[in-house]
Structure formats: structure tokens, C-alpha cells
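Here are the chains, one letter per residue:
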Amino acid sequence: MSENTTTTNKSALLRELLAGPRPVAAVGAHDGLSAKLVEQAGFDAVWCSSFEVSASYGLPDASLVTMTQFLAAAEVMDAIIDIPVIADCDTGFGGPLNVAFAVERYERAGIAAMCIEDKLFPKINSFADAGQDLLPTKEFALKIEAGKQTQKDERFLLIARTEALISGQGVPEALERAHAYADAGADAVLVHSKSRRPDDILELGDAWDRDVPLVAVPTTYASVEEKALFDAGYRLVIYANQGMRAAVKNVREVLGKLRAEGRAEAVDADIATMPEIFALQGMTAAFRTAP
């Protein structure tokens, strides 16, 4: 495989940020426009969210969207932004061979990092009212090893995500799994929780004794500050779905108002201008460079 400059630069940038003196903040996106808005807001990275991508197809976050579709979404984002894309790859699309295949494809496409979780395939979203069964620790560690053995550029990151807290197994199990995944070669470990308080996340961070960054996703324990997570060892904080949730709420309100009023002017103050959209599209630049 010829070296991809985009892969090298963005993977290296993400590693540099993770080793830096402050928390790295990423926000979920599902397409090029939402990724560009994340970048313009000043965040460090984009989380190509499987929840958001699935929702953009009008489908549940339940392993229904294929690897090809997820990869295509990540490629679209990566092509138009300068910050790293971290791809949420659910359970890795299958067993160790599937993970190895995904790593080869995502790395070749120029994506800075990918994340896989230790739930059984097919997975169901962590916040759904459903069972959350986990793969045995050793079997998931084999997935990590397969992925790391496949990658060509040592700067590409493979993040292991444990759902032990999501499945109700407690901090000791989550910590044991996190240790095993780090020992298997994971470049970072994401510890997921649906508690309303950050206590378990902070407790695990305090007990963490590996030279591998931790990752937090404060969707439900939303009051915690980035600094508190960083002080507990979490180098990366992911706001995984706030962008799409904001879009749904606001689009629904605007369309409701438009339907009730029956005239476009009624929502003019509530929507972006056409020049703003042109700017996001690069429309002005395109016309400037046209022959």
C-alpha cells in the first residue's frame, strides 16, 4: 500500500493531541455538512457516529448499516475537513478477520482512527431498552490483535471500547476488560456508561495504570466537565450525538411553524441564509476558480 499523506498527517495529529496538555474534544457527525460544522465550531476531531449515520438512513442503530456505508460516510467527512475523523465501527463488522479487513480499508481511505466495541454482533445501541450482551474478553482481545497486526501505518489508531458498565457488570469488570484490551495493543480505551453520574467513570480513571489514553462519552452523565475527566485520565471526550439531536429538534420546530403559517417568510429568522450554506459548500470559492 502506498503511504497516504492524509492518513499519516491526521493520525499523527490525533496522537499528538492525545499526548498534549488538555482534553481532546470530538463531536459526532453523520455527513460532510455536519462534520464541517464540527470543525468550524473549533473542536479537535469528528466522531463518525454509527448512531448518527444509522439515523440518517432512518434506521435503528442495530448493525443494519453496512461497513461500506459507514466507510463512505467517514470518507465524505474526511475529504472536506482538516481535523481527524474517528470512525465508530460498532463491533468491527464481525470477527477478527472482519476487523482486520476494516482496519485495512479505513486506513487506506485516510481515516485517522477507528473504534470497535466488545458487544455481540449484531449490536443494539447502548441506550436502548434492551439486553447488552458482551463478547468474552479474550475473544475481543483477538479482534484488537488482528486489527493491529493488519495496519501498515503505525500512527493509525485502533480504539477499543468496553460496554461493561453499560451491561451492568460494574467497575471491576470494566477495568479488567480495559486492561486486557490495552495489553492486546489498543491505542486508546473508551469506557462507556449510561449512568446519570460520572462516579464509575471517574473511579475507573483513578484506578487506571496503563500508558494508554482513556476515552469518555458523557451523554448521560452530562454535567461533568472536561477538566474533571482529563484529570482522571480521559484524554479524549466525545460528544457523540448532540449535533444530530439539535438538528432534529430545530428542524422539527421550523417545519411545524412553516406548516402552521403557510408562508416562507414566517421562518426566515429561524434558518440559515443561502449565502451561509454557499459558504459551507465552498460555492464562492468554486466560482472564483472557475475558468
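For the structure, check the block above.
Residues numbered from 1 in each chain as written. Predicted model: local features only at pLDDT ≥ 70, side-chain atom pairs only at ≥ 80, totals over all residues. Heavy atoms only, no water.

Q: Please clarify how the packing of helix α6 (residues 137-150) against helix α7 (residues 170-183) should be interpreted in this entry.
A: Each pair of packed helices can be summarised by the angle the axes make with each other and by the distance between the axes. Axis separation between α6 and α7 bottoms out at 9 Å; the angle between their running directions is 35°. Both α6 and α7 take part in a crossing whose hand is right-handed. In this structure, α6 uses T137, F140, A141 and I144 to contact α7, whose residues at the interface are E173, R177, A180 and Y181. For the contact of α6 with α7, the per-class residue count stands at 5 nonpolar, 1 polar and 2 charged. (Axes fitted to C-alpha atoms, helices over the stretch in contact; angles between N-to-C directions. Helix = DSSP H or I, 4+ residues; strand = E, 2+ residues; numbered from the N terminus. Left-handed = near helix turned anticlockwise from the far one by under 90°. Contact = heavy atoms within 4.5 Å. Nonpolar A, V, L, I, M, F, W, Y, C, P; charged D, E, K, R; others polar.)

Q: Before we go on, may I ask you to explain the packing of α7 against helix α8 (residues 199-207) in this structure?
A: Relative orientation of the contacting elements α7 and α8 amounts to 45°, with a least axis distance of 10 Å. Relative to α8, α7 is oriented oblique. The hand of the α7/α8 crossing is right-handed. Packed against α7, whose contacting residues are V171, A174 and L175, the element α8 presents D200, E203, L204 and A207 at the interface. The class makeup of the residues in the contact of α7 with α8 is 5 nonpolar, no polar and 2 charged. (Parallel < 35°, antiparallel > 145°, perpendicular 65-115°, else oblique.)

Q: How should the packing of aromatic side chains be read in this particular structure?
A: Here a ring pair, both rings aromatic, is described through the centre-centre distance and the interplanar angle of the planes. The full count for this structure, using the stated rule, is 3 aromatic pairs. Note on F43 and Y239: the rings are 6.4 Å apart at their centroids and 65° apart in plane angle, and the pair reads as edge-to-face. Of this pair, F43 sits in the loop between α2 (32-40) and β2 (45-48) while Y239 sits in strand β8 (residues 234-239); the two residues are 196 residues apart in sequence, bridging distant segments of the chain. (Phe/Tyr/Trp six-rings, centres within 6.5 Å; stacked < 30°, edge-to-face > 60°.)

Q: I keep staring at the nonpolar core and nothing clicks. Help me out?
A: Inside soluble globular proteins, nonpolar side chains tend to come together where they are buried. Within the largest apolar cluster, 37 residues are counted, with the highest numbers of intra-cluster contacts made by V46, V85, Y106, M114 and I144. At 6 residues, the largest contribution of residues to this core is made by helix α4 (residues 67-80). The residues touching I144, leaving out its near neighbours within four places in the chain, are I116, L158, A160, Y181, A184, G185 and A186. Of all hydrophobic cores here, the second largest spans 22 residues; its members include L134, V171, V189 and Y221. (Core = buried A, V, L, I, M, F, W, Y, C linked by side-chain atoms within 4.5 Å. Buried < 20%, exposed > 50% of the residue type's maximum accessible area, 1.4 Å probe, protein only.)

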